[in-house]
Each structure stands twice: as structure tokens, then as C-alpha cells.
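# Structural features, examined
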Amino acid sequence: MRSLLAEHLRTHTRTCHARLDARLGLPGSVRTRTDLAVLLHALVTAWQPLEEALHGVDGWAEVGLDPRLGDASDLLHRDLDVLGRPDTPAAHVVALRPFGSLPEAVGARYVLLGSAMGGRAIAPVVEHELGLVRGEATGFFRRSGMDPGADWARFQRATADLDTPAALAGALSGAQLAFDVIGAAAAAQVPWPLPGRPDGLGRPAGPAGEGRVRVVSRPPS
Ligand code: HEM
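Parameters and conventions
- Residues numbered from 1 in each chain as written.
- Predicted model: local features only at pLDDT ≥ 70, side-chain atom pairs only at ≥ 80, totals over all residues.
- Helix = DSSP H or I, 4+ residues; strand = E, 2+ residues; numbered from the N terminus.
- Buried ≥ 20, exposed ≤ 12 C-beta atoms within 10 Å, placed from the backbone.
- Contact = placed C-beta atoms within 7 Å.
- Near = placed C-beta within 6 Å.
- Nonpolar A, V, L, I, M, F, W, Y, C, P; charged D, E, K, R; others polar.
- Arc of directions from axis to C-beta.
- Core = buried A, V, L, I, M, F, W, Y, C linked by C-beta atoms within 7 Å.
- pLDDT = per-residue confidence, 0-100.
- Axes fitted to C-alpha atoms, helices over the stretch in contact; angles between N-to-C directions.
- Parallel < 35°, antiparallel > 145°, perpendicular 65-115°, else oblique.
- Left-handed = near helix turned anticlockwise from the far one by under 90°.

Time to look at the overall build of the protein. Regarding its fold elements, the protein presents 9 helices and 2 strands. Traced from its N-terminal end to its C-terminal end, the protein shows the element sequence α-α-α-α-α-β-α-α-α-α-β. A burial count over the protein gives 43% of its 221 residues as buried. A separation of at least 24 residues holds for 84% of the contacts in the protein among residues at least 6 apart in sequence.

Around the ligand sit 17 residues in total, of which R10, G114, S115, M117 and G118 are the nearest. The element best represented in the shell around the ligand is helix 6 (residues 102-130), accounting for 8 residues. Residue composition of the shell around the ligand, grouped by class: 11 nonpolar, 4 polar and 2 charged.

So, on to helix 1 (residues 4-12). Of the residues making up helix 1, those classed as buried are L5, A6, H8 and L9. Buried residues of helix 1 fall within an arc of 160° about the axis and therefore sit on the same side. Among the structural elements, helix 6, helix 8 (148-158) and helix 9 (165-189) are those in contact with the buried residues of helix 1.

In the segment running from L26 into P27, the intervening peptide bond is cis, with an omega of 0°. Tracing the backbone shows P27 in the loop between helix 2 (14-24) and helix 3 (33-55). Positive phi values are uncommon outside glycine, yet R143 reaches one of about 50°. Looking at the element boundaries, R143 is found in the loop between helix 7 (139-142) and helix 8. The exposure class assigned to R143 is buried, which follows from the 21 C-beta atoms found within 10 Å.

In this section: the environment of R109. By the element assignment, R109 lies in helix 6. Exposure remark for R109: the 30 C-beta atoms within 10 Å place this residue in the buried category. C-alpha separation for the pair R109 and P67, spaced 42 residues apart in sequence, amounts to 9.1 Å. Apart from the residues within four sequence positions on either side, R109 is in contact with L54, L69 and F155.

What follows deals with the nonpolar core. Within the largest apolar cluster, 61 residues are counted, with the highest numbers of intra-cluster contacts made by L50, A108, A178 and V181. Listing elements by their share of this core, those giving two or more residues are helix 1, helix 2, helix 3, helix 5 (73-83), helix 6, helix 7, helix 8 and helix 9. The contacts of A178, once residues within four sequence positions are left out, are L50, A108, V111 and L112.

Before going further, it helps to spend a moment on the confidence of the model for the protein. Taken as a whole, the protein shows an average pLDDT of 87; of its residues, 84% reach a score of 70 or greater. At the low end of the mean pLDDT range in the protein sits strand 2 (residues 214-217), at 60; at the high end sits helix 7, at 98. A low-confidence stretch, residues 197-211 stays under pLDDT 50, and its non-local contacts, those more than four residues away or across chains, total 32 contacts.

With that settled, consider the environment of A184. Within the secondary structure, A184 sits in helix 9. Judged by C-beta crowding, with 27 C-beta atoms within 10 Å, A184 ranks as buried. Between the alpha carbons of A184 and V94 there is a distance of 8.1 Å; along the sequence they are 90 residues apart.

Close contact between helix 6 and helix 9 brings their axes to 6 Å; oriented N to C, the two are set at 45°. With respect to their mutual orientation, helix 6 and helix 9 come out oblique. The element helix 6 and its partner helix 9 pack so that their crossing is right-handed. Contacts from P103, E104, A105, V106, G107, A108, Y110, V111 and L112 in helix 6 reach A167, G170, A171, L172, S173, G174, A175, L177, A178 and F179 in helix 9.

Quick look at the structure:
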């Protein structure tokens, strides 16, 4: 059973999801190991600061949630290690302001947890396309070693009482911010959609930074 908050977020972030889907063009946009590495690299640029910001929020205990529920940056790093980190673009840093409230953080966590649903569908297609065995460099999509269904259910239960207008508004703001961060990291680093791809809209990568988020280049260390 969905919490009111999760229902609210699903309804009001549909456009954010569709925009990100169009930008990532998955699963068809990943045709080579380098494509996959570029994508995972962009994702970790967003995931890691988001997760770190979530860890720093007070109040998780009030709703009975682990601040690290569903953390997946380690899986992104592991997948990149499997791929040998080939020719990924220069590192980018997402400049992220801290979350201002627990509901905002809950909204962002919703986005990170929810992405596992898409990952489940994406993983087998990418594995087939690249000739990977199950879970090879797709640990993030599959949330290997984790139980995303249980995490999602725990999240629904814990957020059932966050149903005031202020909580819903705060959560929506946090969810939109998370989508913006991921979108900005992708816009700065993912070179597709490109002409000639089935998903190709002929658009080059957009300018770095979308909405309230700034992405800055960091010289390789
Ligand atoms: C990193 C990028 C992505 C993020 C942050 C993200 C986020 C989310 C979120 C928050 C949900 C939960 C919606 C709900 O409340 O039920 C969701 C569900 C879903 N996403 Fe994504 N998503 C991402 C990429 C994708 C991609 C590329 C696809 C397409 C292949 C996709 C397909 C789906 C599907 C099929 C669901 C389940 C929808 C449902 O059962 O109602 N996602 N995603």
C-alpha cells in the first residue's frame, strides 16, 4: 500500500521522470562498455553527494528510517571498477545545498529508491546488448546484494504519517531537487541522445547545470 506522500510524489514528479528518461535514453542508449561507464560515471556524480547530504540530515530516527536506506553509490563504483573506468570524462562535481528539512530529505530518498524500479528493467537489456553476464557491471541497476522491494516497502510504511501539506510540499521540493541533480550531472556528462541512435533526438549534451543545481568541472586529480 502506497503512502499518501509516495502517491503525491509519483503524481507530481512524472514530468521530472519523463525528462530524465528522455535525457538518458535508456536502455537503448547504452551500446558499448564505454557508454555504460559514461552513464554510471554521471550517475555517481549525482548519487554520491545526494547520499552524503541525506546522511547529514537530522530526524531520520523520528520516522524510523536508516539514513543510508538504499544507498547505492558503492555499487556504482563497483560497476565502474568492473568496466575498468574506460575513458570517462573529466570528473564533475555537483554543488548541492544541504537538505533543509526531513520531508525534503524524504523526497530525495524517494527518488533514489524509486530508480531501482527502472533499473530492474534496464539491467537485462544492457547485459544482453553488451554480452555481460547477469549483474556484471549492472550491480547498480539490479541493486545486487540489496533488497530494493523491501526498502521500498519500509519507506512507504515509515512515511505514512508525513501527510500534512507542509510535509508534502517539502518532500516534493526534495524530490525535484534530486531529479535536478541527476539531470544536471547527466546533462554535463552524457553525450547522447545523438543522431542515428534509435532514441536520437539529435540534441547535443545540454549546458551544465539545470534548475537549482550547478555542475562544475574538476580537473582530473
Ligand atoms: C536515474 C534515473 C532514474 C530515476 C532517478 C528514476 C526514478 C524513479 C522513481 C522515483 C520511480 C518511482 C515512481 C513511483 O512512485 O512509483 C521510478 C519508477 C519507474 N521507473 Fe524510473 N527513474 C530513473 C530512470 C528510469 C529509466 C531510464 C526508466 C526506463 C527504462 C525508468 C523506468 C521506470 C519504471 C518502469 C518505473 C515503475 C513505474 C511504476 O511501476 O509505476 N526509470 N523511477
